[in-house]
Structure formats: structure tokens, C-alpha cells
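Spelled out from the first residue to the last, the chains are:
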Amino acid sequence: MAERAALEELVRLQGERVRGLKQQKASAEQIEEEVAKLLKLKAQLGPDEGKQKFVLKTPKGTRDYSPRQMAVREKVFDVIISCFKRHGAEVIDTPVFELKETLTGKYGEDSKLIYDLKDQGGELLSLRYDLTVPFARYLAMNKLTNIKRYHIAKVYRRDNPAMTRGRYREFYQCVNDRRILDGMFAICGVPDSKFRTICSSVDKLDKVSWEEVKNEMVGEKGLAPEVADHIGDYVQQHGGISLVEQLLQDPELSQNKQALEGLGDLKLLFEYLTLFGIADKISFDLSLARGLDYYTGVIYEAVLLQTPVQAGEEPLGVGSVAAGGRYDGLVGMFDPKGRKVPCVGLSIGVERIFSIVEQRLEATEEKVRTTETQVLVASAQKKLLEERLKLVSELWNAGIKAELLYKKNPKLLNQLQYCEEAGIPLVAIIGEQELKDGVIKLRSVASREEVDVPREDLVEEIKRRTSQPLCIC
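Below, the structure is looked at part by part. Since the model is a prediction, treat every value here as computed from it, not as a measurement. Per chain, residues are indexed from 1 in the order of the written sequence. At least 70 in pLDDT is required for a residue's local features to be given in this predicted model, at least 80 for side-chain atom pairs to be given and counted, and no such filter applies to totals for whole chains, interfaces and linings, which use all residues. Think of the side-chain values as coming from all heavy atoms in the structure, minus any hydrogens and water.

## A word on the overall build of the protein
Part 1 of the argument: Per the secondary structure count, the protein includes 16 helices and 15 strands.
Part 2 of the argument: Over its C-alpha trace the protein gives a radius of gyration of 29 Å, far above what one expects of a compact globule, namely 23 Å for 473 residues.
Part 3 of the argument: The principal-axis extents of the C-alpha atoms in the protein amount to approximately 90 × 75 × 60 Å.
Part 4 of the argument: When each of the 473 residues of the protein is scored for burial, the buried share is 40%. Counting from the N terminus, the helices are DSSP H or I runs at least four residues long and the strands are E runs at least two residues long. For a compact globule the rule gives 2.2 Å times the number of residues to the power 0.38, and the radius of gyration it is set against comes from C-alpha atoms. Burial classes follow relative accessibility: with a 1.4 Å probe on protein chains only, a residue under 20% of its type's maximum area counts as buried, one over 50% as exposed, and anything between as partly exposed.

Put into C-alpha cells, the structure is as follows:
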């Protein structure tokens, strides 16, 4: 008993430590480390008096979404989907898990992040790592060579996610081409067998210094120091069309066929970007590598910037919110005849965008509606539940988003307060006098103005007043 009491005291103290760290807004890594210690202590404590205890938490790297958070999330999706549809995209869906062999060998060093499932009925399965490889499999299976699709679904990675908090204002886009990278590696003296692993190192330049990347190349991956230095001369450059033209004249790079093709395509891309009026928002960045093995041409990334702390300071990059590229060879890996299907795509980091929007709302204390209810059906006196039910049914059948409080005789003041808290713009009030006169009292929650509307005209009046789309953020 004494031993158990001592263990319970340790659990209590560790619990206080975890709560303290959360109150101090300590780093996620530190909190997770202390939570792990707490769980270990609780496991040692074991069940109390035969009762099983559960730790109520979401798995690492996942989260729940409250109604308020889901309202914001849906708004983010609406903006993204409307953009896709504006450009003529169709929607598809694929299974959340794929045959393991479908995903194997497509992600380079990131393959270790794939979740493998236990053998089920003789098939080795894995949770999808992205939506691109399943899409390529879908194209090959259905023998499609032309489709403009979008796909919004969850993917799963055995990663240690972190979200940099801060105020965000704008983003820029970086562009490169895998052929330029491969050509650059070739002229610098990188062995063919090391192209992809060196590419993975270069891709870290947005997070760590060149010296750290060089040390990884030389110390961990066995690259000669002079080769790494030669790479450094290139990958630390970024600019616009002028840099593309400069590299087209580079005495070494211009002699490499792959690099020359990539630079030619980038020059054409910048011509198109100029026509769209967005060339000034795009940076040609030779350090952009994108570690996935399936990219064959242009690659790009949208990076968010953090507002400068002081005037005159450069904005700081706080992370990628979208990325993608060209992958002309991926579909052919699944096609029995190896037919190539040119593909280009973009993945949007919805979770990061959602976190940014959520932070902005918290900072401004902006109110977010969690429902789209247009009108609350209310009663002014008791014993009118049946009348409320009849009216709300009429409104539902007419396509009006309506609700009522789930109480038999709610007070009118409580019903009006509910509307204010939930952001419901209108109240349809039924009373004994209104029933006699064949009217419904329609109240504007914002102005508190009330008008009697003939019951047969109520639907049209509500539609007229709520014709403007409701904004939630």
C-alpha cells in the first residue's frame, strides 16, 4: 500500500508539471515528453480496485475539431474548392489504404513515414501517404490520359509535426525544375547513385543553414567537400527570369541537356506568369528540391511569410502551405505497357492554413458562426409547442434553415438570447394573437425591429432578408 501511495504521489506531481507547462505555453516537444513520463507512471500504477482507467487523449499528431473550428475549416475548404471549380476541375475519391506495393518506392527517403497495416486476408496494405500516387494508380486502372481533378481527403504520415505560431500576412511561391537539379548535380560531380539522397539534403535549405546541409552531404552521405562547395555555388541563388537567362549562359550548366531543357521550360513558364500578371510573386529558387522521387520537371512551393517585427526587417518564412510539381513518369509505373501520361499537380496544406486562420481569429477575437440557421421559430406564450413544430416543418420543406429550442415552454427572452449567441439573424415568433390574425411576427435580431408577416408570405420574406451569403470568418 505504501508503495502504491508513493507512486500515486509521483503521478500527481507529474500531472501538475504537465499542467504547468501547458499554462506556460511550453514547446510541444517538451509537453509531449512530460506527458509520456506521466503515462508511464500511470501504467506502473495499474488499475485501481479492478476498475480499468482510460487516458482520454487523441493520438500524437492528431486533433479533434470543435464546432467553431469546423466552421472555420469548412470556410477554408469552400474557398479552395470554389477556386478548383472556377478552373473546371472535377472531384474524385480513392480508398484510404492502398496495396503496399502501390506506395513502395515512390517517396525516396520519406518512405519510412508510411503507416503499414497488419496482414488482412492475404493483402499487404498501407495507409495512403499522399493523394498523388493513388491518383496515378487510378489513372492507370481506368486508362485515363486527360482529367483535371481535385481530391480532398486525409493522408497519414509517421511524422513529428510542429506548427510555428505567429502573425501571418502574405505568401510567395518558389519554383525550380528537377531536371535543372539533376543537371547541376551532374556537372558538380555527384555520382548518379547519390542524386536522390543529395537532393533530399538540398531540400532542407529552407530550414537549416548551408553549412549544416554541407556537413550532412560530406559527413553522412560521403560526398567530396569540393563537390559540395560547387553545389553550394548554385543552390544559394534565387531570382526571377533574369536568373533563368543568366544560367542559360552558364558555361557548365548550359552544356547539360537535362538542365538546358529545364531552364527552357522555366523561361516559358515565366513568360506565362507575366501574361497572368503574377511574375513578381514567383521566385526561381535553386535550393528548392522536393524530396519525392516521382517528380520529373517543374517543382514549386508556396511559402508563408511572417510579418516583420520592426519596420525595414525582411519577412521571415514560416513554412510551406502548398507544394507540387510535374510527374510525367508516375502513371507509367502502374500501366502494363508503361505508357507515360503527363501530369502536374499541387497539394495544399489545409491543416497549416487552418491553424493560421484560427490564430488570426483568436488574435482579433472575431466571432465565428457554427451553424447556418436563418431563423429560429420561437413562441411568446406557453403551450405552443405543436404550433412551433408545424411552422418549423413548413420552413424546412421550403428549404429554409430553421430550428427551435428543445424545450416545451421556453421563455421568450431565452430564445432571443440563443439567437444572439448563435448569430441567427431572424426570429419567427408565434403567439396566441398571431395565430388568430394569421400572421407571424418576424424579428431582426440585430436591429430588434419586428413586423407582422402573413403566414403565406413568411418563406419569401425570410429568403429576401437572408439572400446574402453568411460569412463565418
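So, next bit.
## Brief notes about the packing of aromatic side chains
Part 1 of the argument: Planes of paired rings set the category: under 30 degrees apart is stacked, over 60 is edge-to-face and the rest tilted, where pairs are Phe, Tyr or Trp rings (Trp by its six-membered ring) whose centres lie within 6.5 Å. Considering all chains together, one arrives at seven aromatic pairs under this definition.
Part 2 of the argument: With centroids separated by 5.4 Å and ring planes inclined at 65°, the aromatic side chains of Y65 and F354 adopt a geometry described as edge-to-face. Here Y65, found in the loop between α2 (28-45) and α3 (67-86), pairs with F354, found in helix α12 (residues 350-364); they are 289 residues apart in sequence, far enough to count as distant.
Part 3 of the argument: Since its relative accessible area comes to 21%, Y65 is described here as partly exposed.
Part 4 of the argument: Taking relative accessible area as the criterion, F354 reaches 1% and is therefore assigned buried.
Part 5 of the argument: Relative to Y129, the ring of Y107 has its centre 4.4 Å away and its plane inclined at 50°; by these criteria the two rings are tilted. Separated by 22 residues along the polypeptide, Y107 in the loop between α4 (100-103) and β3 (125-127) and Y129 in the loop between β3 and α5 (132-142) bring together distant segments of the chain. Exposure class is identical for Y107 and Y129. Each is buried.

## With respect to the environment of E432
Part 1 of the argument: Residue placement: E432 occurs in helix α15 (residues 432-437).
Part 2 of the argument: Overall, the relative accessible area of 48% leaves E432 in the partly exposed class.
Part 3 of the argument: The spatial distance from the C-alpha of E432 to the C-alpha of L384 is 8.4 Å, given a sequence separation of 48 residues.
Part 4 of the argument: Any two residues having at least one pair of non-hydrogen atoms within 4.5 Å are treated as being in contact. Apart from the residues lying within four places of it in its own chain, the contact partners of E432 are Q381 and L384.

## Here we look at a positive patch on the surface
Part 1 of the argument: Without a salt bridge and with relative accessible area above 30%, a residue can belong to a patch; like charges are then joined within 9 Å and nonpolar side chains (Val, Leu, Ile, Met, Phe, Trp, Tyr) within 5 Å. Areas reported here follow the Shrake-Rupley algorithm with a probe of radius 1.4 Å; residue values treat only the protein chains shown as occluding. Salt bridges, as used here, are contacts in which a Lys or Arg side-chain nitrogen is within 4 Å of a carboxyl oxygen on Asp or Glu. In this tally, Lys and Arg are treated as positive and Asp and Glu as negative; His is ignored, and so are the chain termini. Throughout, a charge is located at the NZ atom of Lys, the CZ atom of Arg, the CG atom of Asp or the CD atom of Glu. A cluster of basic residues, K382, K383, K407, K408 and K411, forms a positive patch on the protein surface.
Part 2 of the argument: Note that K383 resides in the loop between β11 (375-379) and α13 (385-397).
Part 3 of the argument: With a relative accessible area of 75%, K383 lands in the exposed category.

## Side note on the pattern of salt bridges
Part 1 of the argument: By the definition in use, this model includes 27 salt bridges.
Part 2 of the argument: Residue R179 is joined to D177 by a salt bridge in which the shortest nitrogen-to-oxygen separation is 2.9 Å.
Part 3 of the argument: Between E461 and R465 there is a salt bridge, with the nearest N and O atoms lying 2.8 Å from each other. Residue E461 and its partner R465 are located together in helix α16 (residues 458-465), separated by four residues, close to a single helical turn.
Part 4 of the argument: A relative accessible area of 17% means that E461 is categorised as buried.
Part 5 of the argument: Because the salt bridges share partners, they merge into one network encompassing E9, R12 and E16.

## A few points about the pairing of strand β13 (residues 426-430)
Part 1 of the argument: Extensive coverage of β13 is indicated by the burial of five of its five residues.
Part 2 of the argument: Taking every second residue as pointing to the same face, both faces of β13 are buried, with L426, A428 and I430 on one and V427 and I429 on the other.
Part 3 of the argument: For two strands to be treated as a pair, DSSP must find no fewer than two bridges joining them. Examined bridge by bridge, β11 and β13 share five bridges and lie parallel to one another. Bridge assignment links V375 to a residue of β13, and that residue is L426.
Part 4 of the argument: In the sheet, β13 pairs with strand β14 (residues 439-444) via four bridges, with the strands oriented antiparallel. Along β14, the bridge assignment pairs A428 with L442.

## Section: the nonpolar core
Part 1 of the argument: Core analysis: the largest hydrophobic core is formed by 57 residues, its most contacted members being F185, V202, M217, I231 and F284.
Part 2 of the argument: By size, the runner-up hydrophobic cluster in this structure holds 16 residues, among which are L391, I440, L442 and V453. We call a set of buried residues a nonpolar core when its members are Ala, Val, Leu, Ile, Met, Phe, Trp, Tyr or Cys and they connect through side-chain atoms within 4.5 Å of each other.

## Here we look at helix α1 (residues 2-23)
Part 1 of the argument: What a helix should span is 1.5 Å times the count of its residues minus one. Helix length check: α1 (22 residues) gives 32 Å between terminal C-alpha atoms against 32 Å at 1.5 Å per residue, within 8%.
Part 2 of the argument: All of the buried residues along α1 are L7, V11, Q14, G15, V18, G20 and L21.
Part 3 of the argument: Tucked into the core, α1 has its buried residues touching α2.
Part 4 of the argument: Following α1 by one or two positions, K25 adopts a phi angle in the positive range, close to 55°.

## With respect to the sheet that holds β13
Part 1 of the argument: Within the open sheet, the five strands sit side by side as β12-β11-β13-β14-β15. Their pairing is mixed. The strands lining the two open edges of the sheet, one partner per strand, are β12 (402-403) and β15 (450-454).
Part 2 of the argument: For β11 and β12, the ladder comprises two bridges, and the chain directions are parallel. Directly across from V375, in β12, lies its bridge partner A402.
Part 3 of the argument: With axes taken as lines fitted to C-alpha atoms, and helix axes fitted only over the stretch in contact, angles between N-to-C directions fall between 0 and 180 degrees. Relative to β11, α13 is tilted by about 160°, and along the sheet it contacts β11, β12, β13 and β14.

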